[in-house]
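Residue-level structure breakdown
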Amino acid sequence: LFFGVCSLGFLIINNFFLKLIKDDKYFILNSPIVGVNSILLLLTPLAYLELLDFTVFRFFGLALIVILFSTLFITVKHKKYFFFNKSNLKKLNFSQFLVIILILLFFLISISPVTHADSLAYHMLGAVNFLLNGDLLNKILPVETKLVGPGELIIALGLSLGSEQFGGIVQFSWLFTIFYC
């Protein structure tokens, strides 16, 4: 599911924004952001109009998987976008190696089960409620449900296909957007 979102973002960047980017070596790092935001741009108005249900979410998730397989050859064809090759890894100093270890540890945290009280209290509650009832918790009580918004649609998209960690992996991938800065 995550790689389907990345593929969607890759297609959008490659077809619409690549002419605006001067250094296109690292543009693939922005593909998760572009993919998630394009999905949210489509799903959020439908969610507030209460036109989405569990079947529509499964359809979107399966469509992302189809997009992944249809664009897989594009990422393999452009080998210049793979910047972790042997020559780059041999040039690492200790501080760069430490940063890579920290990023790997952040990745392990992002794929772990959701146990944080904040996430369980209203993020997961909002996503599960959206899948079951089809609304974004627009009731007055309980008060913590007022914090639910479009971000929970991404969690609901992952939950509709059985991926509890999809939201965490998407948030983790946003760390890579600062690499080229």
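1. Let's talk about the packing of aromatic side chains
Across all of its chains, the model carries four aromatic pairs by this definition. Measuring from centroid to centroid gives 6.0 Å for Phe59 and Phe60, while their planes differ by 70 degrees, and the two rings are edge-to-face. Phe59 gets classed as exposed once you look at its relative accessible area, which sits at 57%. For Phe60, a relative accessible area of 17% translates into the label buried. Consider the rings of Phe107 and Phe172, whose centres lie 5.4 Å apart with planes at 55 degrees: the pair is tilted.

2. Focus on helix α1 (residues 2–17)
Taking 1.5 Å as the rise per residue, α1 with 16 residues should run 22 Å; its terminal C-alpha atoms sit 21 Å apart, in good agreement. Along α1, the positions that sit buried rather than exposed are Phe2, Gly4, Val5, Cys6, Ser7, Leu8, Gly9, Phe10, Ile12 and Ile13.

3. A few points about the packing of helix α7 (residues 151–160) against helix α8 (residues 166–173)
Relative orientation of the contacting elements α7 and α8 amounts to 125 degrees, with a least axis distance of 8 Å. In terms of axis orientation, α7 runs oblique to α8. Taking contact as the criterion, the partners of Ile154, Leu157 and Gly158 in α7 are, on α8, Phe166, Gly167 and Val170. Of the residues contributing to the contact of α7 with α8, the split by class is four nonpolar, two polar and no charged.

4. Focus: the packing of α1 against helix α2 (residues 31–48)
Contact geometry of α1 with α2 gives a least axis separation of 7 Å together with a crossing angle of 95 degrees. Comparing their axes, α2 and α1 come out roughly perpendicular. Contact residues: α1 offers Phe2, Val5, Cys6, Leu8, Gly9, Phe10, Ile12 and Ile13, while α2 offers Ser31, Pro32, Val34, Gly35, Val36, Ser38 and Ile39. Considered class by class, the residues forming the contact of α1 with α2 number 11 nonpolar, four polar and no charged.

Parameters and conventions
Residues numbered from 1 in each chain as written. Predicted model: local features only at pLDDT ≥ 70, side-chain atom pairs only at ≥ 80, totals over all residues. Heavy atoms only, no water. Phe/Tyr/Trp six-rings, centres within 6.5 Å; stacked < 30°, edge-to-face > 60°. Buried < 20%, exposed > 50% of the residue type's maximum accessible area, 1.4 Å probe, protein only. Helix = DSSP H or I, 4+ residues; strand = E, 2+ residues; numbered from the N terminus. Expected span 1.5 Å × (residues − 1). Axes fitted to C-alpha atoms, helices over the stretch in contact; angles between N-to-C directions. Parallel < 35°, antiparallel > 145°, perpendicular 65-115°, else oblique. Contact = heavy atoms within 4.5 Å. Nonpolar A, V, L, I, M, F, W, Y, C, P; charged D, E, K, R; others polar.

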